[in-house]
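Here are the chains, one letter per residue:
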Amino acid sequence: MARKPITRKLVLVATVAFALSARPVRAQPPVQDQCMTQLMACYYWAAAQAGFWSMWAAGIDCELAMVDCVRRAIVGR
Amino acid sequence: MRHAGFSLLAAAICHGSVQAQTLRTRPLGPERLISNQVITGRAVCGGTTWLLTDAPELTVVSAQPAYSSVSVSLRGLQKDEKPWGLACLPNNELWTLASHDVLARLEPDGRVAERVRLDGPRLGIFSTGQRLLLQHPPTAKTQPLLSIGLPRKLSGFAPWPSPLSQPTSSRAALLKANLVNCGIGADGYVPCWLVAETRLAISDGSTSHTTIHDLDFVRAGPVNDEVPIWDVALAGASRVWVLASARGAPDGRRLGGRLTKSDRHRAASRFVDVSPPPRLILWAGEDRCVLLSSTGQLLEVSDR
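The residue count restarts for each chain, going from 1 along the sequence in the order it is written. Numbering of ligands from 1 and lettering of chains from A proceed in the order in which they are written. Totals for whole chains, interfaces and linings use every residue, but because this is a predicted model, local features are given only for residues with pLDDT of at least 70 and side-chain atom pairs only at 80 or more, for both listing and counting.

## With respect to the confidence of the model for chain B
All names here are of chain B.
Argument step 1. pLDDT expresses, on a scale from 0 to 100, how confident the predictor is about each individual residue. Mean pLDDT over chain B stands at 87; residues scoring 70 or higher make up 89%.
Argument step 2. Here, residues touch in the contact sense if the C-beta positions derived from the backbone fall within 7 Å of one another. For the stretch residues 11-18, pLDDT sits under 50, and the model shows 24 contacts to residues farther than four places along the chain or on other chains.
Argument step 3. The model gives residues 264-268 a pLDDT under 50, and that stretch makes 12 contacts with residues more than four places away or in other chains.
Argument step 4. Complex prediction metrics read pTM 0.85 and ipTM 0.84.

## Looking at the environment of P151 of chain B
Residues and elements named next belong to chain B.
Argument step 1. By the criteria applied, helices consist of DSSP H or I runs no shorter than four residues and strands consist of E runs no shorter than two, each listed in order from the N terminus. With respect to the helices, strands and loops of the structure, P151 is situated in the loop between β12 (146-149) and β13 (158-159).
Argument step 2. Sequence separation of P151 and L132 is 19 residues, and the distance between their C-alpha atoms is 6.6 Å.
Argument step 3. Contacts of P151, omitting those with residues within four sequence positions, involve W95, L103, V116 and L132.

## Comments concerning the confidence of the model for chain A
The predicted coordinates should not be examined in detail at positions where pLDDT is low.
All names here are of chain A.
Argument step 1. Per-residue confidence for chain A averages 75 on the pLDDT scale, and 60% of its residues sit at or above 70.
Argument step 2. Taken element by element, the predicted model of chain A shows its lowest mean pLDDT in helix α1 (residues 3-21) (52) and its highest in helix α3 (residues 52-74) (92).
Argument step 3. Long-range and interchain partners of residues 19-26, a stretch whose pLDDT sits below 50, account for 2 contacts in this model, where long-range means more than four residues apart.

## Thoughts on the interface of chain A and chain B
Argument step 1. Facing 18 residues of chain A, the contacting portion of chain B comprises 25 residues.
Argument step 2. Elements that contribute at least two residues to the side of chain A that touches chain B include exactly α2 (32-47) and α3 of chain A.
Argument step 3. Ranked by the residues each element gives to the side of chain A that touches chain B, the list is headed by α3 of chain A, at 9 residues.
Argument step 4. Residue composition of the side of chain A that touches chain B, by class: 11 nonpolar, 2 polar and 5 charged. For this classification, the nonpolar set comprises Ala, Val, Leu, Ile, Met, Phe, Trp, Tyr, Cys and Pro, the charged set comprises Asp, Glu, Lys and Arg, and every other residue, Gly included, is treated as polar.

## A word on α3 of chain A
Argument step 1. What a helix should span is 1.5 Å times the count of its residues minus one. Over its 23 residues, α3 of chain A runs 33 Å from end to end, which matches the ideal 33 Å to within 8%, given 1.5 Å per residue.
Argument step 2. Using C-beta atoms placed from the backbone, we call a residue buried if 20 or more other C-beta atoms fall within 10 Å of its own, exposed if 12 or fewer do, and partly exposed for counts in between. Listed as buried for α3 of chain A are C62, M66, V67, C69, V70, R71, A73 and I74 of chain A.

## Concerning the environment of D187 of chain B
All names here are of chain B.
Argument step 1. Here D187 lies in the loop between β14 (180-182) and β15 (190-194).
Argument step 2. Classification of D187 by C-beta neighbours within 10 Å gives partly exposed; the count is 15.
Argument step 3. Taking the C-alpha atoms as reference points, D187 and V60, 127 residues apart in sequence, are found 22 Å from one another.

## Observations concerning the sheet that holds β13 of chain B
Residues and elements named next belong to chain B.
Argument step 1. For two strands to count as paired, DSSP must find a minimum of two bridges between them. Here 4 strands make up an open sheet; going across it, the order is β10-β11-β12-β13 and the pairing antiparallel. A single partner strand is all that each edge strand has here, and the edge strands are β10 (124-128) and β13.
Argument step 2. Note that strand β11 (residues 131-135) and β12 share 4 bridges and pair antiparallel. The residue of β12 that forms the bridge with L134 is S147.

## Points about the sheet that holds strand β23 (residues 288-293) of chain B
Each strand in a sheet pairs with another by means of backbone hydrogen bonds, the pair being arranged parallel or else antiparallel.
All names here are of chain B.
Argument step 1. Strand order in the open sheet formed by 4 strands is β1-β24-β23-β22, and the pairing between neighbours is antiparallel. Of all strands in the sheet, those bounded by a partner on one side alone are β1 (23-28) and β22 (278-284). Here the average twist between neighbouring strands, direction ignored, is 30°.
Argument step 2. The pairing of β23 with strand β24 (residues 298-303) spans 5 bridges and is classified as antiparallel. Bridge pairing in β24 links L292 to L298. Throughout, an axis means a line fitted to C-alpha atoms (over the contacting stretch in the case of helices), and angles, computed between N-to-C directions, take values from 0 to 180 degrees.

Below, the structure written as structure tokens:
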């Protein structure tokens with residue numbers, strides 16, 4: 001099926017993006033632009049989930065992760 | 001009476017002219033009292049301030065008998081949990097959001113002692129008196145972003161009057177524009193604001209005792225426009241300390257800059273550009289405010 005290789009590539013891209021974002025947090029909070037970049041990558045991953053509800057739930061998780069990233073970037077002291 | 005005091009105070013803040021710097025700053029205690037890890041939560045119970053960092057560590061800062069701090073690593077977190085926010089209830093009961101849908105009670109030794117599964121995601125946690133303030137994700141409707149209640153009685157949470165959610169054009173912008181922060185409260189009143197705005201809401205939970213004012217003076221100096229209000233502390237019957245954000249902080253880190261003190265007996269406010277730049281307010285009283293500086297040292301700001 002042609003869809004499967006594309007899906008695997010999307011998942012791979014999202015996985016790499018997540019892996020990069022999972023580096024140990026040092027004293028510097030994340031840069032806000034990185035949060036939005038991670039959100040876009042996560043949306044791609046969510047779109048690759050099987051089924052509407054899985055995609056919807058994955059999208060919610062992406063947004064919550066973005067909120068966490070942003071609040072650490074701009075509210076974290 | 002307190003509500004009238006805060007109303008007069010808020011009016012003085014908004015409409016009074018800012019006088020020349022008359023607040024003084026002096027260091028307290030040893031250097032590097034606290035590590036450079038990002039602080040993700042602050043709670044004040046009595047005379048003790050608790051800090052949660054990104055390490056994650058729990059730090060207690062005390063002023064008696066001497067300024068000191070003790071830090072412990074959090075234990076008992078589950079995989080991928082990154083705690084955010086800190087609230088303290090009577091008897092030093094500490095609560096944090098272990099994840100977006102789990103409340104965790106922390107022991108002073110850093111151990112996760114209890115978990116409460118929430119009925120939906122929450123984005124922030126604060127406290128007032130014996131109850132928690134939790135922030136809900138915003139929706140397209142204009143409604144209160146905070147609710148108040150007891151940690152083990154989720155069905156009893158009630159809306160907190162302000163701040164209200166602000167509509168935006170996209171979902172991502174909605175989430176980002178409606179992040180709430182709250183400062184140190186006093187006598188049942190809590191100061192809260194949307195992080196990207198200069199409007200401050202001071203409330204005790206009742207609509208009639210909620211005041212909302214635009215702190216124009218915050219932008220009098222160079223501030224970070226993404227988060228103009230950096231921290232706020234109430235003290236006594238009507239004292240409000242407002243720490244504005246600083247622009248261009250070292251290492252790209254966000255820090256505080258100008259600290260403004262309001263006085264209910266006068267129309268004018270006094271301020272000082274705090275140096276070294278402060279990270280947050282630890283304690284506040286009528287005439288003095290203790291901050292944590294970017295060097296890890298405590299700074300006292302007071303009237304001359």
